[in-house]
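Results of the structural survey
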Amino acid sequence: MENRIENLRNSLPKGAAALITNEADCFYLSGFNKSEGMVLVTEKSACLFVDFRYIEAARAASRIDVKLTHAFIKDIFTELKSEDVKTVFVEREYVTLALAARLKEAFEGIEVSEEVDVGKIIGDMRAVKSAQEISLIKSAQKITDRAFSYIITKIAAGRSERETALDLEFFMRKEGSEGTAFDTICVSGKNSSKPHGVPGEKLIQNGDFVTLDFGAVVGGYRSDMTRTVAVGKPDEKMVFVYNTVLKAQSAALAAIKPGVSCRDIDKIARDIINTAGFEGCFGHGLGHGVGIDIHENPAFSTRCETVTAPGMVITVEPGIYLENSFGVRIEDMIVVTEGGCENLTGSEKRLIVL
Ligand code: ZN
Ligand code: ZN
């Protein structure tokens with residue numbers, strides 16, 4: 001934790017402070033999750049400001065100083081003044097226009113600036129996970145794998161998507177997940193052509209593909225996995241699409257190692273899908289970082305020029321979506337290692353026919 005504060009401090013001009021308002025970033029810096037608080041980092045101090053609802057838990061969990069506040073902006077201003085800070089940098093992506101206006105009005109004699117983007121600095125730090133963070137993500141993924149083994153014994157024609165999703169979530173909670181990593185996706189048949197479809201009352205039918213995209217949370221860290229399974233015998237086209245997605249994913253996984261551009265990894269999978277005749281049917285990025293948030297830096301996408309480094313945890317999730325027909329996505333989560341990458345996802349990937 002000390003390193004995180006120190007790294008952030010070193011990215012600021014001398015004498016300046018950083019005010020962190022994004023909840024995930026506050027957790028990252030303080031070690032206390034879900035506080036609705038703010039973290040102030042100055043040259044001399046680092047402090048988590050929370051209100052009465054969180055104070056007891058914050059004092060127990062936070063690795064930086066904790067201050068009880070009944071008026072965040074007023075108390076932070078007092079702290080800045082006492083340390084004679086002239087400039088405070090904020091998180092450009094997360095400060096609303098309303099908060100920016102309030103800060104500017106209240107911080108008399110102190111410049112509120114976004115010139116140094118504190119959010120980006122912390123985002124880049126968060127992209128490379130520590131051994132402890134990786135261990136939490138692994139624990140979350142283990143629950144996810146167990147949940148998949150369980151749910152394939154429950155998926156059946158006649159059960160609804162929503163019921164199946166609920167069953168999956170209930171199992172993960174019983175296995176120790178602190179919540180769902182994001183809204184569980186369970187889509188079947190024609191609904192599976194929507195990459196982020198919402199589970200509904202539709203009943204799973206024989207001949208459907210069922211796509212499950214879900215994750216667990218352990219110690220505030222998330223996992224993310226997708227599997228597509230067939231209920232009843234799939235037709236030839238379904239098998240071809242499935243195997244194309246699997247081939248694209250395998251090729252991308254094999255290419256991941258430190259020092260490669262994220263864009264190039266995306267291209268490996270995309271080229272295979274396009275060459276197989278599915279250009280335009282894979283309309284999202286190949287993957288995204290996962291950690292405290294479900295979407296973090298970096299991304300395996302056509303635009304991301306970040307170069308991979310050991311400790312980055314990123315998903316690899318190619319898909320083919322045929323409008324009004326069906327879709328397939330297969331998603332694993334990897335951590336970049338010194339020699340390549342380690343796949344954190346243990347679930348079967350050959351097509352499962354239930
Ligand atoms: Zn996912
Ligand atoms: Zn994902």
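Let me begin by describing the structure that accompanies this report. (Residues numbered from 1 in each chain as written. Chains lettered and ligands numbered in written order. Predicted model: local features only at pLDDT ≥ 70, side-chain atom pairs only at ≥ 80, totals over all residues. Heavy atoms only, no water.)

Another aspect to go through is the coordination of the zinc ion (ligand 2). On the protein side, the zinc ion (ligand 2) has Asp224 (OD), His288 (NE2), Glu317 (OE) and Glu331 (OE) as donor atoms, found 2.1 to 2.2 Å from it. Considering all four donor atoms around the zinc ion (ligand 2), angles at the metal cover 77 to 150 degrees and the coordination shape is irregular. Site description for the zinc ion (ligand 2): donor spacing in sequence, D-x63-H-x28-E-x13-E. A gap of 3.0 Å separates the zinc ion (ligand 2) and the zinc ion (ligand 1), which Asp224 links by coordinating each metal. Here Asp224 is found in the loop between β10 (221-222) and β11 (225-231), whereas its partner His288 is found in strand β12 (residues 287-289), with 64 residues between them in sequence. Among the residues examined, His288 registers a relative accessible area of 10% and is labelled buried. (Donors = N, O, S within 2.8 Å, 3.2 Å for Na, K, Ca; no water. Tetrahedral: all angles 85-135°; square planar, octahedral: opposite > 155°, others 65-115°. Helix = DSSP H or I, 4+ residues; strand = E, 2+ residues; numbered from the N terminus. Buried < 20%, exposed > 50% of the residue type's maximum accessible area, 1.4 Å probe, protein only.)

This part covers the coordination of the zinc ion (ligand 1). Only Asp213 (OD), Asp213 (OD), Asp224 (OD) and Glu331 (OE) from the protein reach the zinc ion (ligand 1) as donors, at distances of 2.0 to 2.6 Å. For the zinc ion (ligand 1), the four donor atoms in the first shell make angles of 55 to 148 degrees at the metal, so the coordination geometry reads as irregular. Positions of the donor residues of the zinc ion (ligand 1) along the chain correspond to the pattern D-x10-D-x106-E. What makes Glu331 buried here is its relative accessible area of 0%.

Once that is clear, we can look at the pairing of strand β2 (residues 38-41). Taking every second residue as pointing to the same face, both faces of β2 are buried, with Met38 and Leu40 on one and Val39 and Val41 on the other. Relative to strand β3 (residues 46-50), β2 is paired through four bridges, and the arrangement is antiparallel. Residue pairing for β3: Val41 is matched across the bridge by Ala46. Between β2 and β3, which pair antiparallel and follow one another directly, the connecting turn spans four residues. (Pairing = 2+ DSSP bridges.)

Let's shift gears to the sheet that holds strand β6 (residues 111-113). Spatially, six strands are ordered β4-β3-β2-β1-β5-β6 in an open sheet, and the strand pairing comes out mixed. Two strands in the sheet have a free side with no partner beyond their single neighbour: β4 (65-68) and β6. Averaged over all adjacent pairs, the angle separating strand axes in this sheet is 25 degrees, with direction ignored. (Axes fitted to C-alpha atoms, helices over the stretch in contact; angles between N-to-C directions.)

With 63 residues, the main nonpolar core has Leu8, Ile20 and Leu212 as its most contacted residues. Sorting elements by how many residues they give to this core places helix α7 (residues 131-151) first, with eight residues. Residue contributions to this core reach at least three from each of two domains, namely domain 1 (2-126) and domain 2 (128-343). Setting aside residues up to four positions removed in sequence, Leu8 forms contacts with Ala18, Ile20, Leu29, Val41, Val118, Ile121, Ile122 and Met125. Phe209, Cys304, Ile314 and Leu322 belong to the second largest nonpolar core, which has 33 residues in total. (Core = buried A, V, L, I, M, F, W, Y, C linked by side-chain atoms within 4.5 Å. Domains from an automatic or database assignment. Contact = heavy atoms within 4.5 Å.)

The next point concerns the packing of aromatic side chains. On inspection of all chains with the given rule, the structure shows six aromatic pairs. An angle of 20 degrees between the planes, with centres 5.9 Å apart, marks the rings of Phe77 and Phe107 as stacked. Pair noted here: Phe77 is in helix α4 (residues 72-82) and Phe107 is in the loop between α5 (97-106) and β6, with a separation of 30 residues, a long-range link. Owing to a relative accessible area of 19%, Phe77 belongs among the buried residues under this scheme. Owing to a relative accessible area of 1%, Phe107 belongs among the buried residues under this scheme. Consider the rings of Phe209 and Tyr242, whose centres lie 6.3 Å apart with planes at 40 degrees: the pair is tilted. Here Phe209, found in strand β8 (residues 208-214), pairs with Tyr242, found in helix α9 (residues 236-255); they are 33 residues apart in sequence, far enough to count as distant. Of the two residues examined, Phe209 and Tyr242, each falls in the buried class. The structure contains a cluster of three or more aromatic residues connected by ring pairs, namely Phe209, Tyr242 and Phe326. (Phe/Tyr/Trp six-rings, centres within 6.5 Å; stacked < 30°, edge-to-face > 60°.)

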